Amino acid sequence: MELWDAYNENEIKVGIDLIRGEKIDKGLLHAVVIIIVFHEDGTYLLTQRDWNKSKFPGLWEAGASGCVLKGESFLDAAKRELVEETGIVTKDLKLLYSSIDKDINVLYKVFLCTCNIDKSKIVLQEGETIDFKWISSKELIDIIGSEYFINPSPKELIQYVMSNQ
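Residues numbered from 1 in each chain as written. Predicted model: local features only at pLDDT ≥ 70, side-chain atom pairs only at ≥ 80, totals over all residues. Heavy atoms only, no water.

Considerations on the pairing of strand β6 (residues 64-67)
On a regular strand, one side chain projects to one face of the sheet and the next to the other, so that they alternate. The cut-off we apply is this: Burial here depends on accessible area, computed with a 1.4 Å probe over protein chains only, as a share of the maximum for the residue type. Under 20% is buried, over 50% is exposed, and the range in between is partly exposed. Only DSSP runs of H or I with at least four residues qualify as helices, and only runs of E with at least two residues qualify as strands; both kinds are numbered from the N terminus onward. Being paired, for any two strands, means DSSP has found at least two bridges between them.
Across the two faces of β6 the burial is the same, with Ala 64 and Gly 66 and Ser 65 and Cys 67 all buried. Inspection of the sheet shows strand β3 (residues 30-39) paired to β6 by four bridges, in the antiparallel sense. Residue pairing for β6: Val 33 is matched across the bridge by Gly 66.

Structural notes on the environment of Val 110
Rule in force here: We call two residues in contact when some of their heavy atoms are within 4.5 Å.
Inspection of the secondary structure assignment puts Val 110 in strand β8 (residues 106-115). Note on Val 110: relative accessible area 0%, which makes it buried. Here Val 110 is in contact with Ile 34, Ile 36, Lys 94, Leu 95, Leu 96 and Tyr 97, once residues within four sequence places are set aside.

Concerning the side chain of Thr 129
By the secondary structure assignment, Thr 129 is in strand β9 (residues 129-136). Once residues lying within four places of it in the same chain are set aside, the contact partners of Thr 129 are Thr 47, Gln 48, Asp 50, Glu 85 and Leu 124.

Brief notes about the nonpolar core
Defined as follows: Side-chain atoms within 4.5 Å link the members of a nonpolar core, which is a set of buried Ala, Val, Leu, Ile, Met, Phe, Trp, Tyr and Cys residues.
Ranked by internal contacts, the top residues of the largest apolar core, which has 28 residues, are Ile 36, Leu 46, Leu 140 and Phe 149. Secondary-structure elements contributing two or more residues to this core are β1 (3-7), β3, β4 (43-49), β5 (60-62), β8, α2 (137-143) and α3 (154-163). Contact partners of Phe 149, with chain neighbours within four places excluded, come to Leu 46, Leu 59, Trp 60, Glu 61, Ala 62, Leu 140, Ile 143, Ile 144 and Leu 157. Counting residues in each nonpolar core, the second largest holds 21 residues, with Ile 35, Ala 64, Phe 74 and Phe 111 among its members.

Topic: the pattern of salt bridges
Formally: The salt bridge definition used is simple: a Lys or Arg side-chain nitrogen within 4 Å of an Asp or Glu carboxyl oxygen.
Counted under the stated rule, the structure contains 13 salt bridges. For Glu 9, the salt bridge identified is with Lys 102, shortest N-O distance 3.4 Å. Taken together, the residues Glu 9 in the loop between β1 and β2 (13-19) and Lys 102 in the loop between β7 (93-101) and β8 connect sequence positions 93 residues apart. Look at Lys 102 and you get exposed, because its relative accessible area is 54%. Among the ionic pairs, Arg 80 bridges to Glu 72, the shortest N-O distance being 2.7 Å. Note on Glu 72: relative accessible area 14%, which makes it buried. One connected set of salt bridges, linked through shared partners, spans Asp 5, Lys 13, Asp 17 and Lys 70.

What about the packing of aromatic side chains?
Geometrically, a pair of aromatic rings is defined through the distance of the ring centres and the angle of the planes. Our working definition: Stacked, edge-to-face and tilted labels apply to pairs of Phe, Tyr and Trp rings (six-membered ring for Trp) whose centres lie within 6.5 Å, assigned for plane angles under 30 degrees, over 60, and everything in between, in that order. We call a charge positioned above a ring when the Lys NZ or Arg CZ atom is no farther than 6 Å from the ring centre and deviates by at most 35 degrees from the ring normal.
Using the criterion set out here, one finds two aromatic pairs in the structure. An angle of 45° between the planes, with centres 5.4 Å apart, marks the rings of Tyr 7 and Phe 74 as tilted. With a gap of 67 residues between them, Tyr 7 in strand β1 and Phe 74 in helix α1 (residues 74-86) connect regions that are remote in the sequence. Geometrically, the ring pair formed by Phe 38 and Tyr 44 is tilted, given 4.9 Å between the ring centres and 55° between the ring planes. Per residue, the accessibility class of Phe 38 equals that of Tyr 44, and both read buried. Geometry around Phe 74 places Lys 109 over its ring, the cationic atom sitting 5.2 Å from the centre.

Right under this line is the structure:
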């Protein structure tokens, strides 16, 4: 059983535990982190979700993502998910933006990991990710909003990528 902290729209914990798979009451949010991975050579990491995932199977996403566990900070969750889904270890993550999707009761925090790693050394997490590729900022902008890509805030992601070309 996976437990999450419940948050309100002001991003404050409200003292209620949420359980993965159970209905979340209106007005409560669970937290999800997304980690955009940018290589110093100017490319972005895309990972492909496992075909057996219940949500968005087979779609590509920028970097890594996952739920914030009960008692975990957003930053610690981002570091954990990044290691689990890509093998990248970092202490240097920068918060880019937050967004809320009230329709699915999710508070998103999007972080940036800038790295200079051996690009062939990505370690995929079994059951989570099945493939990866490095793409240019133009290619990332082109895939955002397509039927092959999942991101909760495409407008903000495009805005970020375009401002950093």
